[in-house]
Amino acid sequence: MSEQIQIPVAKPWMGKLEAEAAGRAIMSGWVTQGPEVAAFEQEFATYVGAKYACAVSNCTTALHLALLAVGVQPQDEVITVSHSYIATANSIRYCGAKPVFVDIEPQTYNINPVLIADAISDSLRDSSASRTRAILVVHQMGMPCDLKAILDVARRYNLPVIEDAACAIGSEIFWNDEWEKIGKPHGDIACFSFHPRKVITTGDGGMITTNNPEWDKQFRLWRQHGMSVPDTIRHGAKQVIFESYPMLGYNYRMTDIQAAVGREQLKRLPEIVERRRFLAERYQEKLSDVPGLKLPTQPSWAKSNWQSYCVRLPEQCDQIQVMQAMLDTGISTRRGIMCAHLEEAYQTEAWSCGRDRLTESEQVSDRAIILPLFHQMTEVEQDRAIGVLRTVCRI
Ligand SMILES: *Cc1c(COP(=O)(O)O)cnc(C)c1O
């Protein structure tokens, strides 16, 4: 067979516009937490329909601040999924709190809302001091989780809901009779990532959206060492002012160079989402007749941005063998989403009250693979990936 170009699993779409934007920030002389960050926040808030958006260094720090804002403290419990990138569970541990893992729905790879109430009441029955303080849900691979059902339980127990929307910029949910963007937010706080593996990127970066002005104010203090006076105000001041540090803060800032790039990426987002949806639909059509292959399911009330397109392999197929066979023909794939509770970093304690109940989560990690999907992928390239997968699955 002739040499064929490698098809990566993902690839950011950026170019001259982003390079010029970064240059603009550099030449301006203001390179962090300045006008580009402020403008990016404004534009992002408008895009998702949130009152406030606060830019931070990445989504993991965003999640950390979100958990702190809703009052998560050492020894508290936070209900979440193990089936996610490890940063989700790690952010809970940064607060000294314990992640309590709930299993996923096999069709959407998202938290199973039916299991949440049990995990809460377990903690209420427990005589120890630890109690459920929050629910941290994930819109896994860009697919909106069942927020209606989740909020239903959360409100019953008066628990805040944080949305890990790392992958979900541009995803939509049907809400109040119309399609709304993930991040409005529908829960209390939503956190986004701009890592290159996500749909738009700033190299690294994150965003926190909320409609609560107090929390937004808090995020702005925490991200900048807890400093009372922002740089922009000090810079413009006509009189000498000293800042103070009323609380323990962090350095979770986004730079203006990143924000300038982010503003250009945001302009491309509608086109990116449209293309990804087109390619996902094409996968769906062209793979639907492969026996035993389980394709992702999109509920009628959800529109994914298809940050990842994840399929579950037929019973007779070995995950590593399939991935290797595809790689041998130049097609990169990735294993299904990891499970945090299976990693060594989570072997020190029994993190989950439901550890032995995470069967669906574990099965997906072992049996699913992520297929190539990125803005610039041509239909010819996609057909190549489809062809190889079909052949390999028949073995
Ligand atoms: C990527 C990802 C994160 C971490 O985002 P960073 O910006 O790299 O910190 C958190 N949660 C989920 C679900 C992710 O996919």
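Keep in mind that this is a model prediction, so the values were computed, not measured. (Residues numbered from 1 in each chain as written. Predicted model: local features only at pLDDT ≥ 70, side-chain atom pairs only at ≥ 80, totals over all residues. Heavy atoms only, no water.)

I'd like a description of the site of the ligand, backed by residues and values.
Every one of the 14 residues lining the ligand counts as a neighbour, but Cys59, Thr60, Asp164, Ser193 and Lys198 are closest to it. In the environment of the ligand, a nitrogen atom lies 3.5 Å from a nitrogen or oxygen atom belonging to the side chain of threonine 88. Within the side chain of aspartate 164, one N or O atom sits 2.7 Å away from a nitrogen atom of the ligand. Expressed as a share of its isolated accessible area of 380 Å², the protein-covered part of the ligand is 91%. Judged by the fraction of its atoms near the pocket grid, the ligand is located in the largest pocket. Counting only elements with at least two residues in the shell around the ligand, the list comes to α3 (59-69) and α4 (87-94). Across the shell around the ligand, the residue classes tally to six nonpolar, six polar and two charged. (Near = heavy atom within 4 Å. Polar contact = N/O pair within 3.5 Å; in protein donor to acceptor, adjacent residues only side chain to side chain. Areas by Shrake-Rupley, 256 points an atom, 1.4 Å probe, with all protein chains shown as cover. 1 Å grid on protein atoms, 1.4 Å probe; cavity = no way out; pocket = protein on both sides within 12 Å on 5 of 7 lines; lining within 4 Å. Sits in = over half its atoms within 2 Å of the grid points. Helix = DSSP H or I, 4+ residues; strand = E, 2+ residues; numbered from the N terminus. Nonpolar A, V, L, I, M, F, W, Y, C, P; charged D, E, K, R; others polar.)

How would you summarise the pattern of salt bridges if you had to cite specific residues and measurements?
Enumeration according to the criterion identifies 17 salt bridges in this entry. The closest approach of N and O atoms between arginine 133 and aspartate 76, which form a salt bridge, is 2.9 Å. Of this pair, arginine 133 sits in strand β4 (residues 132-138) while aspartate 76 sits in the loop between α3 and β2 (77-81); the two residues are 57 residues apart in sequence, bridging distant segments of the chain. In this structure aspartate 76 comes out as buried when scored by relative accessible area, which is 6%. (Salt bridge = Lys/Arg side-chain N within 4 Å of Asp/Glu carboxyl O. Buried < 20%, exposed > 50% of the residue type's maximum accessible area, 1.4 Å probe, protein only.)

Which residues make up empty space enclosed by the protein, and what are the values?
Within this structure, the stated rule accounts for two cavities of 30 Å³ or more. Roughly 90 Å³ of volume is contained in the largest cavity. Forming the walls of the largest cavity are 14 residues, and the residues nearest its centre are Lys11, Pro12, Lys198, Val199 and Arg276. Taken together, the residues that form the lining of the largest cavity break down as eight nonpolar, two polar and four charged. Considering only enclosed or pocket space, the second largest cavity measures out at about 70 Å³ in volume. For the lining of the second largest cavity, the per-class residue count stands at six nonpolar, six polar and no charged. (Points joined across faces, edges and corners; volume = space filled by probe spheres on them.)

Mind laying out the packing of helix α2 (residues 35-48) against helix α9 (residues 256-287), listing which residues take part and the relevant values?
The axes of two packed helices give the description: the angle between them and the distance between them. Here α2 crosses α9 at 30°, and the two axes come no closer than 8 Å. It follows from the interaxial angle that α2 and α9 lie roughly parallel. The chirality of how α2 crosses α9 is left-handed. Across the interface between the two elements, Pro35, Glu36, Val37, Ala39, Phe40, Glu43, Phe44 and Tyr47 from α2 touch Asp256, Ala259, Ala260, Gly262, Arg263, Leu266 and Leu269 from α9. Split by residue class, the contact of α2 with α9 holds 10 nonpolar, one polar and four charged. (Axes fitted to C-alpha atoms, helices over the stretch in contact; angles between N-to-C directions. Parallel < 35°, antiparallel > 145°, perpendicular 65-115°, else oblique. Left-handed = near helix turned anticlockwise from the far one by under 90°. Contact = heavy atoms within 4.5 Å.)

Go over the sheet that holds strand β7 (residues 178-181) with me, naming the residues and quoting the values.
The strand order across the open sheet formed by three strands is β7-β6-β10, and the pairing between neighbours is antiparallel. The strands lining the two open edges of the sheet, one partner per strand, are β7 and β10 (302-303). By the bridge criterion, two bridges tie strand β6 (residues 172-175) to β10 in an arrangement that is antiparallel. Bridged to isoleucine 173 within β10 is alanine 302. (Pairing = 2+ DSSP bridges.)

All we've got here are geometric facts, nothing functional implied.
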